[in-house]
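Each chain, letter by letter, is given below.
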Amino acid sequence: MSKYDEVAHYQDFSELLSILKKSNNNYDTRKIQKAYNLADKAHGDQRRISGIPYILHPTSVACIVAQFGMDSDSIISALLHDVVEDTEYDLDYIRKEFGKDVANIVDGLTKISKIKLYSREEQQAENVRKMLIAMSNDIRVIIVKLADRLHNMRTIECMPEQKRRDKSRENMEVFAPIAHRLGMKAVKDELEDLSLRYLDPIGYKEIEDALFLQENERDRFIENKKK
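A brief look at the structure comes next. Everything quoted here is computed from the prediction, not taken from an experiment.

**With respect to the overall build of the chain**
1) Next: Across its full length, the chain holds 12 helices and zero strands.
2) Next: Secondary structure elements in the chain, listed N-terminal to C-terminal, are α-α-α-α-α-α-α-α-α-α-α-α.
3) Next: Counted over contacts in the chain with a minimum sequence separation of 6, partners at least 24 positions apart contribute 68%.
4) Next: Of the accessible surface of the chain, which amounts to about 12500 Å², a share of 49% is contributed by carbon and sulfur atoms.

**Structural notes on the pattern of salt bridges**
It is possible for side chains bearing opposite charge to pair when their charged atoms get close.
1) Next: Scanning the entire structure with this criterion turns up 16 salt bridges.
2) Next: For Lys111, the salt bridge identified is with Asp107, shortest N-O distance 3.3 Å. In this pair, Lys111 and Asp107 both sit in helix α7 (residues 100-113), four residues apart, roughly one turn of the helix.
3) Next: The partner of Glu170 in a salt bridge is Arg149, and the shortest N-O contact between them spans 2.9 Å. Taken as a pair, Glu170 in helix α10 (residues 161-181) and Arg149 in helix α9 (residues 139-154) lie far apart in primary sequence, 21 residues in all. In this structure, Glu170 and Arg149 share a single accessibility class: buried.
4) Next: Three or more residues joined by partner-sharing salt bridges are found here, namely Asp71, Asp101, Asp138 and Arg140.

**Some words on the nonpolar core**
1) Next: Counting 56 residues, the largest nonpolar core has Leu16, Ile32, Ile75 and Leu80 as the members making the most contacts within it.
2) Next: Ranked by the residues each element gives to this core, the list is headed by α9, at eight residues.
3) Next: When neighbours within four sequence positions are excluded, Leu16 is seen to be in contact with Ile32, Ala62, Cys63, Ala66, Ile75 and Leu79.

**Re α7**
1) Next: Here α7 spans 20 Å end to end across 14 residues, near enough to the 20 Å set by a 1.5 Å rise per residue.
2) Next: The complete set of buried residues in α7 reads Val102, Ala103, Ile105, Val106, Gly108, Leu109, Thr110 and Ile112.

**Quick notes on the packing of aromatic side chains**
1) Next: A complete count under the given rule lists two aromatic pairs for this structure.
2) Next: When the centroid spacing of 4.2 Å and the interplanar angle of 10 degrees are considered together, the rings of Phe13 and Tyr36 count as stacked. Here Tyr36 lies in helix α2 (residues 29-43) and Phe13 lies in helix α1 (residues 13-22), a separation of 23 residues in the sequence.
3) Next: What makes Phe13 buried here is its relative accessible area of 8%.
4) Next: Residues Tyr89 and Tyr93 carry aromatic rings whose centres are separated by 5.0 Å and whose planes lie at 50 degrees to one another, so their mutual orientation is tilted.
5) Next: On the accessibility criterion, Tyr93 (32% relative accessible area) is partly exposed.
6) Next: Taking NZ or CZ as reference, Lys34 lies 5.3 Å from the ring centre of Phe98, over its face.

**Notes on α1**
1) Next: Those residues of α1 that fall on the buried side of the exposure criterion are Phe13, Leu16, Ile19 and Leu20. Within α1, the buried residues cover an arc of 115 degrees as seen down the axis, which keeps them to one side. Every exposed residue of α1 that faces more than 90 degrees away from the buried side is listed here: Lys21 and Lys22.
2) Next: The inward-facing, buried residues of α1 contact α2, α3 (56-67) and α4 (72-80).

So, how was this worked out
Residues numbered from 1 in each chain as written. Predicted model: local features only at pLDDT ≥ 70, side-chain atom pairs only at ≥ 80, totals over all residues. Heavy atoms only, no water. Helix = DSSP H or I, 4+ residues; strand = E, 2+ residues; numbered from the N terminus. Contact = heavy atoms within 4.5 Å. Areas by Shrake-Rupley, 256 points an atom, 1.4 Å probe, with all protein chains shown as cover. Salt bridge = Lys/Arg side-chain N within 4 Å of Asp/Glu carboxyl O. Buried < 20%, exposed > 50% of the residue type's maximum accessible area, 1.4 Å probe, protein only. Core = buried A, V, L, I, M, F, W, Y, C linked by side-chain atoms within 4.5 Å. Expected span 1.5 Å × (residues − 1). Phe/Tyr/Trp six-rings, centres within 6.5 Å; stacked < 30°, edge-to-face > 60°. Lys NZ or Arg CZ within 6 Å of the ring centre and 35° of its normal. Arc of directions from axis to C-beta.

So, in C-alpha cells, the structure goes:
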C-alpha cells in the first residue's frame, strides 16, 4: 500500500475509541459518543470529493487530536468542527448540547476557515498574525486546526493540482510556522514534507531517492556486520 493511499489515512469512530482506551487520560466517552452521533447525523450522506463518506474526516481528525494527548472537549470539537459550517446545526445548538468550551472552539475553527490566506511571501507575517489572533482565546482551537490541516494534506491526492499547490503554500507560510512556534515538531515536519511533494515534485523525488539509497546502504552495512 502506498504511503499516500488516501483510504489508509481514514480512521473510523471505533479506532478513535481504541485510541482513547489505550490512553492514560480520563476521557468523557459518553459525551464523545454523543458528539459522534451528532456529527454522523449532521453530515448524513455527505461525501468527500474522493467519494469517501464525509464522517470519516472528522473521526480521523479526532484520532489525530487524541494522539496529541488533548482533552475530551478538544476531541469533541474535532468531531464537530465542520458541523456549523456545513450542516443545519448552529453554534447555539452546540453550546446547549456540549457546553461553552466546545462551542467556543468550534466557533474559532469556523472563523479560521473563513480567513483569506495569501501566498505572497511579503504577507507571511500577516497570515501568522491573523492565525494567532484567531487562536488567542483558546489554544485548543489551533491544535484542532493543525490536526484538520494534517488530515486534509494526507488525503489531498484527489484534489486538482492547483488546489494542492495552494494548500501546500498555506502550510509552508502559515501552518508549519505556527506548529513550530507551538513546539509541535512532528506536525511541522510532516506538513512541510507533504507540501514539498506538491510544490517541488522533482526535488521531492530526488530527496526521496537519496534517502532510499541511504537506507539501503545502512541495511547492507548492518548485514555485513552480522557476517
